[in-house]
Amino acid sequence: MNAFFVRSLRWGLIIVLVASIPEYLRFLNLQRDTVDLIHEVQRILSCLSQGKWIGWGGHFPLLQKIPVLLLEFMGLPEQTILEWLAILSLIAFANLVAWSWKDLRKTSRNLAVFFVAILVSGPLLWYARSSFGEMLAAFFTLGFVISCRENSNAFKIFVFFILAGISKDTAFPFLLIFGLLASSLDLTDPREVRFRRPRWVLIAMGCVTTASINMGFNYLKVGSVFNLPMLNPQLIVQTWKDQLSFFVGIWFSPNGGVLFFWPSLCLLIFLVVREVTKNVFSKGDDTRYKVKAFLPFGVVMSVLLGLTFGFSKWFSPMGWACWGPRLLLPWLPAAGYLLVTAYSRQINEWASYVCQKGRRFWTLSFAWVLVSFGQFIILFRPSLMDPLFFIPDDTCPKVAYITKDPVYYYHCANHLLWTKNPVLLDAYSPGLGPTAFIFSIAWCICLIWFLGFARKERSQDETVRCYSLLQ
């Protein structure tokens, strides 16, 4: 009877999952920003057909324009191009997850399970079916970092640097730092730091080439090596109070911050902070070891905080209207990968500790899916984010435009970040969409099942250990 009940539950879960996939794909996020991107590419093609080689205008980075150009050459209508861009994001996400699993599985299945579970429990799921270009940028950024750590051939590293570098005009210095760190991590012992001089030269060449491409493309667009439309003083935050609010909000805002929209990634950061703090403040180790223990974390967080500082100067620090911290998103998978690989031994030890007892494992698993539930429900209830951007309230009764009333705009932006009702709280209300709620719970169960692979690896390791002792 018990076996029949378990089998029935399993088949019920499979049926719900199969039914949820068309629903997930039905709600493609075709963004207004992408419509502007398509029109910008069409304007470029029109200028070129008229013999106008400079002064096309526009502000979107080169990487986003490349797939649109290819689709335009195929003669596809605008709606179809939007849909194919969303499908491209889905393909990029699938490859990002698969590549991460394949690479980390070489070190440990626990490590691969932990990192992939992070990837599929954050806002990447929403962007995976969006026409935004962030998913493509995230894939190339992570691909570049993995290629550097795997010590892949020079051509592969160089190409991935270029593709990641043209995703943003200012990406190349941060890619340089990430590439050097990834190349320095020893493949056999992540605690050891060794720099491969040939990689320094190759990555530096990629940095210079990418900067040259971006500046050349800017010159073709606006007649200057700088992206002048993005340097409009009206779009740059003028007061330190607003910038501080935006800086902190990118990480801690209940309506877009990393802490609330990607808590599993914050768990990884917390584990690394705990390990680094323990090593740095220990009395027994020498200074050289303490520096090595701190270096990867310090480099990764310096890049993320540097990016946060830059985005906090922008009038739209999250990249509104979007789900979570869109502008920072392309960098987070690569940053998480570097932390996981640099501190793989410590994370494996923590995972083994959690898996030692079922109570610890189930507590962590249920807490994981509970705090990540909003990332699943938004996939089937897209109206969840409407209160953030489309429904006015007493504090901001009308739509705010930076170009019309900057004072009112910043007032509403700070209200959205800090005092507006947290949209994630609505995710836990089944009455607003029972079907979406059932689908989301099914996805949560799958995540728990996937986390269970870590326990299986531990059981296999214990079997091997016991067999060795008997021998």
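So, a few notes on the structure that sits alongside this text. What you see is a predicted model; the values in this text were computed from it and never measured.

### Details of the state of the cysteines
- Counted according to the given criterion, the structure contains 1 disulfide.
- Note on cysteine connectivity: Cys396 is disulfide-linked to Cys412, with sulfurs 2.2 Å apart. Measuring the twist about the S-S bond at about -120°, one finds the Cys396-Cys412 disulfide to be left-handed. Here Cys412 lies in helix 20 (residues 406-419) and Cys396 lies in the loop between helix 19 (386-389) and helix 20, a separation of 16 residues in the sequence. Here Cys396 and Cys412 have matching classes, each one buried.

### What about empty space enclosed by the protein?
- Inspection of the entire model under this criterion finds 3 cavities of 30 Å³ or more.
- For the largest cavity, the lining is made up of 13 residues, of which Phe114, Trp350, Leu364, Leu451 and Ala454 are closest to its centre.
- At the level of secondary structure, the elements contributing two or more residues to the lining of the largest cavity comprise helix 5 (109-119), helix 16 (344-355) and helix 17 (358-371).
- Residue classes in the lining of the largest cavity are distributed as 11 nonpolar, 2 polar and no charged.

### Describing unusual backbone geometry
- Note the cis peptide between Trp320 and Ala321, where omega equals -5°.
- Tracing the chain through its elements places Ala321 in the loop between helix 14 (287-312) and helix 15 (332-342).
- Of note in this structure, Asn151 is not a glycine but carries a positive phi near 55°.
- Note on placement: Asn151 falls in the loop between helix 7 (134-149) and helix 8 (154-165).

### Some details on the packing of helix 5 against helix 15
- One way to put it is that helix 5 packs onto helix 15 with a least axis distance of 11 Å and a crossing angle of 160°. Of the possible angle classes, the one that applies to helix 5 and helix 15 is roughly antiparallel. As helix 5 runs across helix 15, the sense of the crossing is right-handed. Here helix 5 contributes Leu111, Phe115 and Leu119 to the contact with helix 15, which in turn contributes Pro333, Gly336, Tyr337 and Val340.
- Of the residues that constitute the contact of helix 5 with helix 15, the class distribution is 6 nonpolar, 1 polar and no charged.

### Quick notes on the pattern of salt bridges
- Per the stated rule, a full pass over the model turns up 9 salt bridges.
- Between Arg149 and Asp103 there is a salt bridge, with the nearest N and O atoms lying 3.6 Å from each other. Residue Arg149 is located in helix 7, and its partner Asp103 is located in helix 4 (residues 78-105); the two are separated by 46 residues in the primary sequence.
- You can call Arg149 buried: its relative accessible area is 5%.
- By relative accessible area, Asp103 is classed as buried at 3%.
- For Glu150, the salt bridge identified is with Lys106, shortest N-O distance 3.6 Å. Note that Glu150 is positioned in the loop between helix 7 and helix 8 and Lys106 in the loop between helix 4 and helix 5, a separation of 44 residues in sequence.
- Residue class for Glu150 comes out partly exposed when judged on its relative accessible area of 23%.
- Linked by salt bridges that have partners in common, Asp33, Glu134, Lys168 and Arg326 make up one network.

### What about the environment of Ile166?
- For Ile166, the location among the structural elements is in the loop between helix 8 and helix 9 (172-184).
- Residue classification places Ile166 among the buried residues on the basis of a relative accessible area of 3%.
- In this structure, the C-alpha to C-alpha distance between Ile166 and Pro61, residues 105 residues apart in sequence, is 6.4 Å.
- With near-sequence residues (within four places) excluded, Ile166 lies in contact with Pro61, Leu62, Leu63, Ile66, Thr210, Ile213 and Asn214.

### Some details on helix 15
- Here helix 15 lies mainly inside the structure; 11 of its 11 residues are buried.
- Among the residues making up helix 15, those that are buried are Leu332, Pro333, Ala334, Ala335, Gly336, Tyr337, Leu338, Leu339, Val340, Thr341 and Ala342.

### Description of the environment of Leu63
- As for its position among the elements, Leu63 is in helix 3 (residues 62-73).
- Leu63 sits in the buried class, given a relative accessible area of 5%.
- For the pair Leu63 and Phe158, spaced 95 residues apart in sequence, the C-alpha separation works out to 15 Å.
- When sequence neighbours within four positions are dropped, the list of residues in contact with Leu63 reads Leu136, Ala137, Phe140, Leu163, Ile166 and Ser167.

### Focus: the packing of aromatic side chains
- The full count for this structure, using the stated rule, is 33 aromatic pairs.
- Between Phe294 and Phe297, the aromatic rings sit 6.3 Å apart at their centres with planes inclined by 70°, giving edge-to-face as the arrangement. Taken together, the residues span about one helical turn, with Phe294 and Phe297 both in helix 14 at a distance of 3 residues.
- The class for Phe294 is partly exposed, based on a relative accessible area of 42%.
- A network of ring pairs unites the aromatic residues Tyr24, Phe376, Phe380, Phe439 and Trp443 as a single cluster.
- Above the face of the Phe132 ring, Arg326 is positioned so that its terminal group lies 4.0 Å from the ring centre.

Cut-offs applied
- Residues numbered from 1 in each chain as written.
- Predicted model: local features only at pLDDT ≥ 70, side-chain atom pairs only at ≥ 80, totals over all residues.
- Heavy atoms only, no water.
- Disulfide = S-S within 2.5 Å.
- Helix = DSSP H or I, 4+ residues; strand = E, 2+ residues; numbered from the N terminus.
- Buried < 20%, exposed > 50% of the residue type's maximum accessible area, 1.4 Å probe, protein only.
- 1 Å grid on protein atoms, 1.4 Å probe; cavity = no way out; pocket = protein on both sides within 12 Å on 5 of 7 lines; lining within 4 Å.
- Points joined across faces, edges and corners; volume = space filled by probe spheres on them.
- Nonpolar A, V, L, I, M, F, W, Y, C, P; charged D, E, K, R; others polar.
- Axes fitted to C-alpha atoms, helices over the stretch in contact; angles between N-to-C directions.
- Parallel < 35°, antiparallel > 145°, perpendicular 65-115°, else oblique.
- Left-handed = near helix turned anticlockwise from the far one by under 90°.
- Contact = heavy atoms within 4.5 Å.
- Salt bridge = Lys/Arg side-chain N within 4 Å of Asp/Glu carboxyl O.
- Phe/Tyr/Trp six-rings, centres within 6.5 Å; stacked < 30°, edge-to-face > 60°.
- Lys NZ or Arg CZ within 6 Å of the ring centre and 35° of its normal.

Nothing here speaks to function; it is all geometry.
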